[in-house]
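Examination of the molecular architecture
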Amino acid sequence: MRHPEIDTWNGKARDPDLSVLDMEKWPGRTTLRAIMGWNGIKVWDKTVDAVALLAAYLEKTKDESCGQCTPCRLGTVQMAGLAKGLTQGRGKTEDLTRLKFLAVQISRTARCDIGRTLARPVLDLMESFSKDFEAAARGTKRVEEGQAYTSLVTAPCVAACPSHVDVPFYLENIRMDRWSEAMDKVREDCPMPGTIGRVCVRPCETRCRRGNLDEALAIKGLKRFLADREMEGKLTPKPLAPPKRPERVAIVGAGPAGLSCAYYLGRQGIKTTIFEAQEGPGGMAAYGIPSYRLPRSVIAHEAAGVEALGAVIRYNTRVGRDITLEDLAGQGYKAVFVGAGAPGPTRMNCKGEDQGYENFMPGVDFLARAARGEKPLNGDRVAVVGGGNVAMDCVRTARRLGFTDVNLIYRRTEAEMPADALEIKEAREEGVNFHMLMAPIEVQADADGKVSGLKCLRMELGEPDKSGRRRPVPIEGSEFVIACDAVIPAIGQACAVDQFLPQAVVSEWNTLVADKTTGQTQVPHIFGGGDCATGPDILIRALAAGKYGAKSIVRYLDTGDCTPGPEDLMEALTGNPALFETDPPLPYPGVTRREEASVLAPETRIQSFDEVEAGLSPAQARQEANRCLRCYRILVAAL
Amino acid sequence: MPILSINHNSLEFQPGMTILEVARKNNIHIPTLCHLAGCTPTGQCRICVVEVGGTDELLPACETPAGEGMKIMTHSPGVHEARKTIIEMLVASGAHNCLVMQSPADSWNSDQKGIMEQPWHGGLCPAYGDCRLQDLAVEYDVHVKEDHLAWEGHPLDDATPIIVRDFSRCILCGRCVQACNDVQVNLAITPPWGRRADHPEGWYPAADYEACTHCGECVQACPVGALFDRKSFGKALANEMDHIRTTCPYCGVGCQLLLHVKDGKILKVTGVEDGSPNKGRLCVKGRFGFDFIYSEERLTSPLIKENGEFRKASWDEALDLVAQKFTTIIQESGPDALAGVSCARSINEDSYQMQKLFRAVFKTNNIDHCART
């Protein structure tokens, strides 16, 4: 790793692990000469024109200023003007003093972090390159022509989101009752706001700085608020009328990744055809997430939005069986995006699971059939194995299908369960029995081949494993049997892209091998992402894969190449939480509580698949959005 | 109760109070520009920033919650410098000429002369003497360099009959936005803020006249001379007017008015900020519908119509005529042939007498009030 020649990031307290800055390995071969941002500066090339970099940084800050608070609105204009004067040989020595003075004043008094984070990089840069600045003020500095820049505006929540949705932007617009503007911004990075607003696992909220004060913003709930208003027809979105392009792109799978890719290609005027094996859109979002969490009407609305942008979805068409990639190339599709998901079950590695017993069914199949309105398993007692959200969906769905004795079996403790805490709470409210520290060793059946019980072993927690969670260790001789009528393993899902893809782009785990940044595979016209590349993962990451895949496909269609550019490097860079970590505690007490939507009572909700959670009201949404601290962070780099 | 200190004084406060509320309760003055009573603080102008021990940041008193043990300084040198810098920026951001109006005209620079040539800028600013920015500029001894002035290129909206919106004096405090959306709920002034790159034309709180009722709440909320009414423009300085509190005569709500009077003549009406029931709010009639009282066409004596022509009459003659005709109508057609409509502008006691007259004297229930229509 190349070390910066000057590094004031975090006040040199410690160098955060910025291994992503190992720029020699960066596929785009872009290198940054220097960056300046909220926590200081990093300079890899001391010959960088620091005066021009300052001017670029201040111009960017000025452009991001929102006009609300006086010091940022007016002060950034003054500063940008002074810095520009320096680069044009119009500077005076007192300008340097004035720049430093304004930097400190704006940082001390601005309303949000656009202004508040400005002093540190400005002062660090002016100090580290004081000779250059003095020369510029005297008019004796040679001005470098054509130094190029790239910049990125982010925030802890934005950086935490795989798709980098501009959270502070839309929250502020909700606060001002400008719902349409808010939604336009959401849709720039999230094509399924109604879905994400209901089922996202919210990486943004875990990094919300308000959480250090009282409670994190209800970002998911606010996105759903907008989606609800959109479905009510209360928004007037900015019309999208991209110039139509002749190229067509084929997409495998109408799940979140595929729909997302089609949506963003559609926004660029590119027509797409989506080949979907199932009879309806949504993929795992539709067939894996029960409708009490995500109503079908929401997915239908969002798929319709994708079709409105020029996508055609061909249902009941499985690529590899009904049509091949060669067929698609023959039909003139210039590129393919593979978003095939991870629809296959994984094995529990216990006896009896492959005997074809009646009432034994993998969780994904159980949920898919329940989603189609069937009651796939019979009996009163069911055992679900697993600790993730799919397991939660299975137990809660089983409860709604009439199972009266629903048991969840997990080999570690609740603390290690990957499922959403709210899901666990609501499952428990619905009367699900939790059995922790147990692992299944045999599915038992009666003489007719019907499931009769699940033999388990008790576990205890040992040393932490690679994931940092303590590894469960079996207790010898602790076998016992849970009597039950049905068993549902829900311990993970598998990919099966080898069925239709060339061997060169398939990994030993049957996943798609694609570049993490661009989604491009070894076969240049084949792109892909989502669960089929990562294994089962969170929904927003699949949407992000679709978005970035679309961006790369456009680049590929335009230039034949989709090498990531400097802006991609900047995004990758801010993906490192270490960049943000030294935020000081906020100097006042937290006194607000986050707004919570109302939920149906447990005894009501187990009667049907009606949606459990209601959305926020306009008053609640405005109140909640007002709690956002707007922790914007600006990063400007000289190339 | 928890305790904090402001300027070394230990003060008790209720959890949930802001620093500004604690200060005001204890008569400690912290200046504000954008703070509008009764609305959620927006923290926009940053004039109310104070020093809180333990942080380099200055915090806005209006929206920062008071915390146990906080050590607050409201007028430290750092606070003074920050406020002065902000006021300087605000004065420099528009056509603010008031600070030079008393120096001789030949000493003015080209900016100042340029400002005087703008529409509505020929004389003193309509807020002169009653302007929070002017007060602060004087208090903090602010001087603005000529080359910092940005007075050109702001829009002017003087196309409607009552209110002038001169954005060259606007300091973007957002009070008019809140007055319109949160106080009156007319939703005629959309918050204009957003990334500068998305707002190349600037951020001006323009009014949407499809929704505007011309109530003038925004004018009353404006702390400077950006929003003003045409009627009082140029008629008097704030300190030349007497203030008389009265009750609005238009309808039965009883809003409290403050008449701004010079030489016995009402020039302007505002709502009484702390007076119930309206707490400063007024409608278009109460605020702007007052100049008819000086109309030459007002009736000054009763008139009786004879042969199609009105002639002046005395009160006795007119009332005798009415009494006689009423008596005849009642005798011929019964009391229900009469009906009374009491005027909403009457005081409560007069309206009571009116219904008594109809019910007890004329013996009819045909009595109503024009505010019901």
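Scroll up to find the structure this text is about.
All of the points below concern the structure found in this document. The numbers attached to residues start from 1 for each chain and follow its sequence in the written order. Chain letters and ligand numbers both follow the written order, the letters beginning at A and the numbers at 1. Owing to the predicted nature of the model, reporting of local features is limited to residues with pLDDT of at least 70; listing and counting of side-chain atom pairs is limited to 80 or more, with chain, interface and lining totals taken over all residues. Side-chain descriptors were evaluated using all non-hydrogen atoms of the structure, hydrogens and water having been removed beforehand.

1. A few points about the overall build of chain A
- Numbering goes from the N terminus for both helices and strands, where a helix is a DSSP run of H or I of at least four residues and a strand is a run of E of at least two. Scanning chain A from terminus to terminus reveals 24 helices and 20 strands.
- Here the globule rule reads 2.2 Å times residues to the power 0.38, and the radius of gyration is calculated from C-alpha atoms. Whereas a compact globule of 639 residues would reach a radius of gyration of roughly 26 Å, chain A reaches 27 Å, a difference of no more than 12%.
- Judged by the C-alpha coordinates and their principal axes, chain A covers about 95 × 60 × 50 Å.
- Counting only residues that meet the buried cut, chain A has 60% of its 639 residues in that class. Partly exposed describes any residue whose relative accessible area lies between the buried limit of under 20% and the exposed limit of over 50%, with all areas from a 1.4 Å probe on protein chains only and scaled to the type maximum.

2. Thoughts on the overall build of chain B
- Helix and strand counts for chain B stand at 9 helices and 15 strands.
- Against the compact-globule benchmark of 21 Å for 373 residues, chain B has a radius of gyration of 27 Å, which places it well outside the compact range.
- Seen along its three principal axes, the alpha-carbon backbone of chain B occupies a region of about 90 × 60 × 40 Å.
- For chain B, the proportion of its 373 residues judged to be buried stands at 47%.
- Contact definition: two residues touch when any of their heavy atoms are within 4.5 Å. A separation threshold of at least 6 residues defines the contact pool for chain B, and within that pool the share at least 24 residues apart is 57%.

3. A word on the interface of chain B and chain A
- Between chain B and chain A, the residue contacts involve 40 residues of the former and 35 residues of the latter.
- As a working definition, buried area equals the accessible area (1.4 Å probe) given up by two parts on being put together, with both sides summed. Together, the buried faces of chain B and chain A total about 3100 Å²; carbon and sulfur atoms form 56% of this surface.
- Of all residues in chain B, Met89, Arg195 and Arg196 of chain B bury the most surface against chain A, accounting for 22% of the area lost on that side.
- Just to be clear on terms, a salt bridge is a Lys or Arg side-chain nitrogen sitting within 4 Å of an Asp or Glu carboxyl oxygen. Across the chain B-chain A interface, the total number found is 2 salt bridges.
- Note that Arg116 of chain A and Glu57 of chain B form a salt bridge whose closest N and O atoms lie 2.7 Å from each other.
- Under the rule applied, a polar contact is a pair of N or O atoms within 3.5 Å (in protein, one hydrogen donor and one hydrogen acceptor; residues adjacent in sequence only if both atoms are side-chain atoms). At the junction of chain B and chain A, the tally comes to 22 residue pairs in polar contact (both at pLDDT 80 or more).
- When contributions to the side of chain B that touches chain A are tallied by element, the ones reaching two or more residues are β3 (49–52), β4 (58–60) and α2 (77–92) of chain B.
- Broken down by element, the residue count for the side of chain B that touches chain A peaks at 8 residues, all from α2 of chain B.
- All residues other than Ala, Val, Leu, Ile, Met, Phe, Trp, Tyr, Cys, Pro, Asp, Glu, Lys and Arg, Gly among them, are scored as polar; the first ten of these are nonpolar and the last four charged. Considered class by class, the residues forming the side of chain B that touches chain A number 19 nonpolar, 12 polar and 9 charged.

4. Describing the sheet that holds strand β10 (residues 381–385) of chain A
Residues and elements named next belong to chain A.
- Taken in spatial order, the 4 strands make up an open sheet running β12-β11-β10-β17, and their pairing is parallel. The sheet is open, and its two borders are formed by β12 (433–435) and β17 (486–489), each paired with just one other strand. The sheet shows a mean angle of 20° between the axes of neighbouring strands, taken without regard to direction.
- Two strands pair under a simple rule: DSSP has to find at least two bridges between them. In this structure, β10 lies alongside strand β11 (residues 405–409), joined through 5 bridges in parallel fashion. To get an axis, a line is fitted to the C-alpha atoms, and for a helix only the part in contact is used. The angle between two axes follows their N-to-C directions and goes from 0 to 180 degrees.

5. Here's the deal with the sheet that holds strand β3 (residues 40–43) of chain A
Residues and elements named next belong to chain A.
- Reading across from one edge, β1-β3-β2-β20-β4 is the order of the 5 strands in this open sheet, with antiparallel pairing throughout. The open sheet has two edge strands with one neighbour each: β1 (6–7) and β4 (149–154).
- The pairing of β4 with strand β20 (residues 633–638) spans 6 bridges and is antiparallel. If you follow Thr154 over to β20, its bridge partner there is Arg633.
- Across the sheet, helix α1 (residues 50–64) touches β2 (34–37), β4 and β20, and the angle it forms with β20 is around 150°.

6. Comments concerning unusual backbone geometry
- Cis peptide bonds are those with omega within 30 degrees of zero, and the linkage from Ser276 of chain B to Pro277 of chain B qualifies with 5°.
- Counting through the fold element by element, Pro277 of chain B comes out in the loop between β11 (265–271) and α7 (284–288).

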